[in-house]
Amino acid sequence: MAMAITANAAELTAKENAIIDIGAWTARGEQDKLGAAFKAGFGAGLTLNEAKELVGQLYAYCGFPRALNAAATLMKVWNEGNGESGTGNGKWSEGPTANMPRGSLGGKALEIGTANQTKLCGGPVKGALFDFHPQLDEYLKTHLFGDIFTRDNVDWRTREIVTIAALAARPETEPQMKAHIAIGKVNGVTDAQAAEIVRRVQLPRNPADLPRDWSPIPVGEPNTAYAKYFIGNSYLHKLTLDQVPAFGVTFEPGCRNNWHIHHAKTGGGQMLIVTAGEGFYQEWGKPARRLKKGDTVNIPANVKHWHGAAPNCWFQHIALEVPGAEQSNEWCEPVDDTAYTEATTRNQP
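This one's a predicted model, so the numbers in the text were calculated from it and none came from an experiment.

A. View of the overall build of the chain. The number of helices and strands found in the chain is 11 helices and 14 strands. For the C-alpha atoms alone, the extent of the chain along its principal axes is close to 80 × 45 × 30 Å. Within the chain, residue pairs in contact and separated by at least 24 positions form 73% of the contacts whose partners lie at least 6 positions apart. With an accessible surface of roughly 17000 Å², the chain has 54% of that area assigned to carbon and sulfur atoms. If you average the places of the 34 positive and of the 37 negative side-chain charges in the chain, the two averages end up 1 Å apart.

B. Quick look at helix α9 (residues 174–186). Between its first and last C-alpha, α9 extends 19 Å over 13 residues, near the 18 Å set by a 1.5 Å rise per residue. Buried within α9 we find Met177, His180, Ile181, Ile183 and Gly184. With its buried residues spanning 165° around the axis, α9 presents them on a single face. Buried-residue contacts for α9 involve α3 (48–62), α5 (109–121), α8 (156–168) and α10 (191–201). Count one or two residues on from α9 and you reach Gly188, which has phi positive near 100°.

C. Layout of α8. Counted at 1.5 Å a residue, the expected span for α8 with its 13 residues is 18 Å, and the 18 Å between its end C-alpha atoms agrees. The buried fraction of α8 is high, at 13 of 13 residues. Regarding α8, its N-cap is Asp155, as a side-chain oxygen of that residue lies 3.3 Å from the backbone nitrogen of Arg157 further along.

D. Quick peek at the layout of surface pockets. Counted as a void, the largest pocket has a volume near 880 Å³. Elements with a contribution of two residues or more to the lining of the largest pocket: α1 (14–28), α2 (31–43), α10 and α11 (337–345). When grouped by side-chain class, the residues that make up the lining of the largest pocket number 16 nonpolar, 9 polar and 10 charged. When its volume is computed, the second largest pocket comes out at roughly 680 Å³. Taken together, 26 residues make up the lining of the second largest pocket; nearest its centre are Tyr61, Phe130, Leu140, Gln176 and His180. When residues of the lining of the second largest pocket are traced back to their parent elements, those giving at least two are α3, α5, α6 (128–132), α7 (134–145) and α9. Its residues placed into classes, the lining of the second largest pocket shows 19 nonpolar, 6 polar and 1 charged.

E. Examining the nonpolar core more closely. Core analysis: the largest hydrophobic core is formed by 47 residues, its most contacted members being Phe38, Phe42, Phe149 and Ile197. Residue assignment for this core shows that the elements contributing at least two residues are α1, α2, α3, α4 (64–81), α7, α8, α9 and α10. Element by element, the count of residues in this core is highest for α8, at 8 residues. When neighbours within four sequence positions are excluded, Ile197 is seen to be in contact with Leu12, Ile20, Ile161, Ile164, Ala165 and Val189.

F. Representation of the pairing of strand β4 (residues 246–251) in the model. Of all 6 residues in β4, 5 are buried; the element is thus mostly enclosed. The sheet contact formed by strand β3 (residues 234–240) and β4 spans 6 bridges and is antiparallel. Among the inter-strand pairings, Leu236 is bridged to a residue of β4, identified as Val249. Pairing of β4 with strand β12 (residues 315–321), which is carried by 6 bridges, proceeds in the antiparallel orientation. Paired with Phe247 across the two strands is Ala319, which belongs to β12.

G. Inspection of the environment of Val189 at higher detail. Positionally, Val189 belongs in the loop between α9 and α10. Overall, the relative accessible area of 3% leaves Val189 in the buried class. For the pair formed by Val189 and Cys313, sequence separation is 124 residues and the distance between their alpha carbons is 22 Å. Residues contacting Val189, with those up to four places away along its chain left out, are Arg157, Ile161, Gly184, Ala194 and Ile197.

H. Seen up close, the confidence of the model for the chain. Per-residue confidence for the chain gives a mean pLDDT of 90, with 92% of residues at or over 70. Note that pLDDT drops below 50 for residues 1–10; the model gives that stretch 23 contacts with residues more than four away or on any other chain.

I. Inspection of the side chain of Thr344 at higher detail. With respect to the helices, strands and loops of the structure, Thr344 is situated in helix α11. On the basis of relative accessible area, Thr344 is assigned to the buried category, the value being 3%. One polar contact links the side chain of Thr344 to the main-chain carbonyl oxygen of Tyr340, over a distance of 2.9 Å. Side-chain polar atoms of Thr344 contact the backbone oxygen of Thr341, separated by 3.3 Å.

J. Structural view of the packing of aromatic side chains. Going through the model one piece at a time under the given rule, you end up with 15 aromatic pairs. Ring geometry for Phe42 and Trp78: centres 5.2 Å apart, planes at 75°, overall edge-to-face. One end of the pair, Phe42, is in helix α2; the other, Trp78, is in helix α4, with 36 residues separating them in the sequence. Here Trp78 falls in the buried class, since its relative accessible area comes to 11%. Aromatic pair Tyr229 and Trp331: ring centres 4.6 Å apart, planes at 5°, arrangement stacked.

What counts, and at which threshold
- Residues numbered from 1 in each chain as written.
- Predicted model: local features only at pLDDT ≥ 70, side-chain atom pairs only at ≥ 80, totals over all residues.
- Heavy atoms only, no water.
- Helix = DSSP H or I, 4+ residues; strand = E, 2+ residues; numbered from the N terminus.
- Contact = heavy atoms within 4.5 Å.
- Areas by Shrake-Rupley, 256 points an atom, 1.4 Å probe, with all protein chains shown as cover.
- Lys, Arg positive; Asp, Glu negative; His and termini not counted.
- Charge placed at Lys NZ, Arg CZ, Asp CG, Glu CD.
- Expected span 1.5 Å × (residues − 1).
- Buried < 20%, exposed > 50% of the residue type's maximum accessible area, 1.4 Å probe, protein only.
- Arc of directions from axis to C-beta.
- Polar contact = N/O pair within 3.5 Å; in protein donor to acceptor, adjacent residues only side chain to side chain.
- 1 Å grid on protein atoms, 1.4 Å probe; cavity = no way out; pocket = protein on both sides within 12 Å on 5 of 7 lines; lining within 4 Å.
- Points joined across faces, edges and corners; volume = space filled by probe spheres on them.
- Nonpolar A, V, L, I, M, F, W, Y, C, P; charged D, E, K, R; others polar.
- Core = buried A, V, L, I, M, F, W, Y, C linked by side-chain atoms within 4.5 Å.
- Pairing = 2+ DSSP bridges.
- pLDDT = per-residue confidence, 0-100.
- Phe/Tyr/Trp six-rings, centres within 6.5 Å; stacked < 30°, edge-to-face > 60°.

See the structure below:
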């Protein structure tokens, strides 16, 4: 898709980023990643009824089968996560339901839908396609804009955010994505935000698809020797074993290593130099620190910590092993989804 993407992720909130992911993973039908997006959304303030509303709307853009699968994933995440022993610990909010349930418009659906469509798009919508196929024009006006867009517990700007994301997730819907970017701009989505939505959704899914100028350090080979200490896939490139051993480590989006400790009697520890993407570093008992290209991290010996990629961004750093006496590494518990979501969303605007 030919679109210049130069936006800053700070243009969107943590809740909005989760909504983008909900749209993308619903459209792609990837339920495990969709489940993680729902969890991130709930942790960032998304309510259950907002999530239901988004999934309900997406059937119009992704079809009933994908929307029904998404609804099943939403129900599973909510039931497992919001109980007393769940990850949400009963703190996730159900939120208000819509005041305009389906079917309440009576015979005025076409009139109201046409008015909504005109306002949403910034003017009347006409075209040869609708003249050729008036049935679809009527469905859009009476059901999509008359029914769905009249429900009031999700605003139009948010509806456009999730729609742009869903359409950006599938190459065959590029024309509709561009149309909804234009509609989004009428309803408060900035150029930078629209670009960031597309960038977030269309990130490379395999290391071979990363741009050639993404980093001066090669991605390397799958990090199979240490895979059991990572959630997600990582890649390792040996830079040197002389004097100060140095490795390039690449993390796919959402990948992170377990909590671990670099033990040493004297000296020791590790240094990280970020070469590409965005990630996080966290020491035990402290907030996570967001990392971007050019940042450095000095990790003292005997300090429990983890590091890895941001939820929807590839990440790479050089790891330098600081010389010391009686050195060893201790691998501890994984950074589970709840802890990772809390660490990464707390660093979002």
